[in-house]
Amino acid sequence: MGIPRPVLLTTAVSAVAGALLLTPLPATAAPGRDTQRPHPVRESGGHDTTAAALQKTTGTVGTPAPPALRKDGGYPRRTVLDAPPANPADKSIKLGLAPYHSLAPRLNALQKLSDRVSVEVAGRSAAGHELYLVTVTAPESSRESREQERMRELIEDSPAAAAKDRRIKSSYKTPVFINNNIHGNEWEGTDAALKLIEELAKAKDGRTAGLLAKNRIYLNVTANPDGRIAGTRANGNGFDLNRDFITASQPESQAIRRIAVDKQPAVMLDLHGYVNGTLIEPTTPPHGENYEYDLFLKNSYANALGMEKAVNDLGYTPAADGVQPPVIPFRDQQEGWDDWPPIFTPQYMAFQGAVASHTVEFPMRVNNNDYNTLPVEELRRRSAINTDIAGAVMRATLDYTLDHRTSVIADQIETFRRGAAGEAQRPVSEETVPGVPGIGPEDVYTTSFPRAYVIPAGQGQRSATAAARLVDHLVANDVRVERARAGFRLAGRSYPAGSYVVDMHQAKRGIANVILDEGRDISADVSAMYDISGWSLGLLWGASVDKIQQAGGGLHIPARPVRAASPTGAVTGQGDLRLRLDDPKDLAALNSLLGQGVKVRGAADGSAIVPASARRQAAVLADRYGVVFTATKEKGSGTVARTRVAAAVTPGEQFALREMGFEVLPVSTATLNAGFDWSKADVLYVSSGLQYGALAPAARSALDGFLSGGGRVVTLGSTGAAFNTAAGLLTAKPVAGNGDANGVVRVTNAGGPITGGAPAHTFVYSPLWFTDLGPGVRAEQSYGTGSPLVSGHWRAKEDGTGGPSAAAGRASVVSGTSAGGGSVVLFGTEPLFRDHPKGLFSQVGRALLGAAG
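These numbers were taken from a predicted model, which means no experiment stands behind them.

Draft legend 1. Main features of the pairing of strand β24 (residues 663–666). In this structure, strand β23 (residues 644–648) lies alongside β24, joined through four bridges in parallel fashion. Among the inter-strand pairings, R644 is bridged to a residue of β24, identified as E663. Note that the unit made of β23, helix α23 (residues 651–659) and β24 has a crossover that is right-handed.

Draft legend 2. Here's a closer look at the packing of aromatic side chains. In the structure shown here, the tally under the stated rule is 22 aromatic pairs. Residues Y301 and F330 carry aromatic rings whose centres are separated by 6.2 Å and whose planes lie at 65° to one another, so their mutual orientation is edge-to-face. Highlighted residues: Y301 in helix α11 (residues 293–313) and F330 in helix α13 (residues 329–332), separated in sequence by 29 residues. Taking relative accessible area as the criterion, Y301 reaches 5% and is therefore assigned buried. Judged by centre distance (5.9 Å) and plane angle (50°), the rings of F344 and Y530 are tilted. Residue F344 is located in the loop between β8 (338–339) and α14 (345–350), and its partner Y530 is located in the loop between α19 (509–516) and α20 (537–540); the two are separated by 186 residues in the primary sequence. The exposure classification of F344 matches that of Y530, with both residues buried. The ring of Y75 carries the charged tip of R77 above its face, separated from the ring centre by 4.1 Å.

Draft legend 3. Fine view of the pattern of salt bridges. This model, assessed by the stated rule, comprises 53 salt bridges. Between E147 and R150 there is a salt bridge whose closest N-O contact spans 2.9 Å. Taken as a pair, E147 and R150 lie in helix α4 (residues 142–157) at a separation of three residues, close to a single helical turn. Since its relative accessible area comes to 17%, E147 is described here as buried. Here the residues in one salt-bridge network are E292, D294, E414, R417, R418, E423, R426 and R509, joined through shared partners.

Draft legend 4. Representation of helix α7 (residues 189–202) within the structure. For α7, built from 14 residues, the straight-helix expectation of 20 Å at 1.5 Å per residue is met to within 8% by its first-to-last C-alpha distance of 20 Å. Counting buried positions along α7 yields 11 of 14 residues, so the element is predominantly enclosed.

Draft legend 5. Region of the structure containing the sheet that holds strand β19 (residues 600–602). The sheet built from six strands is open, its strands ordered β17-β21-β18-β20-β19-β22 with mixed pairing. Either end of the sheet is taken by a strand with one partner, and the two such strands are β17 (570–571) and β22 (638–640). Where β17 and strand β21 (residues 628–631) come together, two bridges link them in parallel fashion. Each bridged residue has a counterpart across the sheet, and for V571 the counterpart in β21 is F629. Together, β18 (577–579), β19, β20 (608–610), β21 and β22 form the strand contacts of helix α21 (residues 584–595), whose direction differs from that of β18 by roughly 130°.

Thresholds, definitions, all that
- Residues numbered from 1 in each chain as written.
- Predicted model: local features only at pLDDT ≥ 70, side-chain atom pairs only at ≥ 80, totals over all residues.
- Heavy atoms only, no water.
- Pairing = 2+ DSSP bridges.
- Helix = DSSP H or I, 4+ residues; strand = E, 2+ residues; numbered from the N terminus.
- Right-handed = clockwise from strand over helix to strand, strands pointing away.
- Phe/Tyr/Trp six-rings, centres within 6.5 Å; stacked < 30°, edge-to-face > 60°.
- Buried < 20%, exposed > 50% of the residue type's maximum accessible area, 1.4 Å probe, protein only.
- Lys NZ or Arg CZ within 6 Å of the ring centre and 35° of its normal.
- Salt bridge = Lys/Arg side-chain N within 4 Å of Asp/Glu carboxyl O.
- Expected span 1.5 Å × (residues − 1).
- Contact = heavy atoms within 4.5 Å.
- Axes fitted to C-alpha atoms, helices over the stretch in contact; angles between N-to-C directions.

Here is the structure:
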C-alpha cells in the first residue's frame, strides 16, 4: 500500500533534482526485437517472445496481489520508492528516454522537490515491476481529503443531490488521469509526464496554483514497464494491455481499473504512437452504444481542438521535421478509428465517468523496424518531437479542464444522474451537441437499458462457480449488485433466495450493460472494425443471466448489497464424487488432484469421477476454487491422466491453459527444428507458430513418431486446420469465413465429453467451419441456423462467400481418431481468446484431456 514513509533520499538521488532530473542516460542498449501493431490480425504465437525478451533483460519475478489505493489521509502522500538495479539493456536508453530503473530515483527527487507531488505504488506488472501513480495537486489536510472523497462518493451515489451541492460546484477537485506507455514500445508519454510533473512542482505562476487548487492530476507514469524495458508492445505475459478491458486478466489493467474506480476521472488521456499526423480522438463511428455520448462528444471534441492547436503551436512542419498536421478522426475521416469496444482504456474510462477520454498517437515512428535500422541520432530526434507533442496535449488537456471545470463536473454528474434515474439516452445531433460539426445519423448509437439483470441461484443457474466469478467481476468494475434475502418474482418469473440482482437504475449502468448484455450486430453499419466488435460476459462466462425488461417503478426485492459473491464450493453426499468440467476452475481443481496423484476416472458426459478416498483433497479444492463435488455412483470408464501440453499458441491461450492448471511446454516450428523431447508431452495443441511443412526432416520424423504412437492433438483456427491437413490426421475440409469477422455466435452442442453442458454461444475471430467430414469424424458443435451472429461484425467477402449465412449449420468443432490412435479435436472457434470467454475454456480443457478418445 502507498503508506507514507519518512523521506530518506540519498545524496545521489537528491542531486538529481532540478534540471538534471530529466536527463536521460547514455545510449548503451543494443537494438532489440519488437512486436508489430496488430490491426486486425491474429496475435503471434509459438514462443512467448515478449516474456522471453523480458526475462533476458530483467528476470521474471513473482507477482503479488496489487495493493489498494489509499483514500484516507491528506496530500502529499510521499512514498520512498526502491530503485531497481540499473539495466543497460533497457530499450528506452537508445532513444534518449528514461529507462525504467531511473524512474524511482526521479520520482523520489520530485517528491522532495515539492509538496505538490505524491507517489503511490498502484500495483505490479506481470513481471513484478512496480507501477507508479503520481498525484499532482495543491496540499490537502486529512480533513480536506476526506471532504473530497465525500464529494466524489456523492457524485456517484446521489448524483441528483450532487448536482445541487454548492460545495461540489465551488470546491471539488476535478480528477484528470493521464495514462502513459500502455504499449511498451510507445515510450514517450512517460518522459513527457516526468517533465510535466517537474514543471507543475516548480511553477510559481498564479494559473498553475489555480490549476492545482481546483484539480487532482493523476499520472500512471508507465502502465507497462515490462514492455518498456524489453521494447515490446505487450507486457511480460505477452498481452496487449490495451485490449484487456473489459476482461482485466492482467495485473496492469487491474491497476488501471482500480484507479478509474477509486479516482473517478472526469477527463483522461492515453498516450500512444505512432500515427503521422498526430491522431487525437474522438473517433469515427460506430460509437459505444452504452455511452451518454452527447455529453462525451461535447467535451472530447472541444478538448481535441485544444490539443490540435497546442500541437500546431509547437511549429513542427512536414518539410522541416516530417511532422504532418494532427488528425481528429471524427472530423477528418469516415471510418477506421471506432470507439465501439470497451477493451481500450479510453473507452473503458467513459463507462467510469470520464466525459472526455482520448487516445493520442504521436507521429514519429521509433519502434519496430525503425528502432533496429535508423541511426541513434535520428531516433532521438524523433523521440524528442514525440515527447514535445505528448507534453503539449497534456498541458492543453489541463487547460481545458481548468477552463471548463464547472461544466466538466456537471456533465459527469449528469452521466451518473441519468443512469440512477433510468432515463433514456439523448441521441447526438447538432442540436444536442452544438458546436460539433458533421454529426449525422451514422453517429447515432443508443440502446434501451433493461430494468434489471438477474443471475439466478440454485437450479436455474448453469454454474454457481461461474455466477460467483461474474458477480465478483461486476463488483470489481464498480457495478452495484444485490443478493436476494428471500425468494421473489420479477417480470412473471420466480427466483430463489440467494439470486443476484443488478438494478439498472444506477450511476454506472453503462458498464453493467457492457458486461451483461448480449451486444449488437453492427455488420451493416461500417465496412470493417479496428478490433473486436462483440463481447458478452453474460453469454460467454458460463453463468445464467436473465434480462428483465419490466418498466418503471422500484424492484421491491428484499436484498442486501454485495461486496463479494457468496462462497460456492461444496462437497456433498457420501462415496465417490463427480466434478463437472464446465468451468476453468473445475479444470484447475482436477489438475491439482491429478498433480497430487489422485486416481481420477472419466464419465461419459466428460465429467471427472473422484474416489471417496480423495474427499479431503476435494474439500480443500472446493474451498480454494469455489467448485462443487457431488456424490455419484458412476464408476467411470477410463483413467484421466495428468496432461502435459506442447503448445504452439498465442499468449492469451497460453495464459488460459495455465489458468486451468495444465503444464504448458511452449513450442513452435523453430523449437521443434532445434530438437524437442516428445516424451515430455502428452498432447500437442496448435493454433499459431507451427507449420508442419516447415519442419526439418529430423523434427518431422520426431513429431510423426509422437503422432503414430497415439499422441493426441488439438488444433484451433486456420493454422491448426492447416497442420491437421498437412499431418494427415482427420478428414475434414476447413472453410474460412471472412478474416475480419469476430463476435458472439449461436451454436448447437452435440453433447458428450467435449461440449456436454457447454453454453449455447461461443466466440469467433476469423471464423472457420468444417465440411466433407470423413468416416468416424464427429461434429461436436455446429453454428446455429439462419444467421448465427448475435453481436459483432461479420460480413460476407466481396465474392459473397465467408459470411455468417454460409457458416449456418456447419460444424464448428469436430473430433475423431488419427491413424496412430490418438484423439484429435479441431476448433474453428476461439474459446480461449485473450483469456476472455471463461465459459468456453472447458471445451478446450476437455479436448486436451483426451475426451474424444
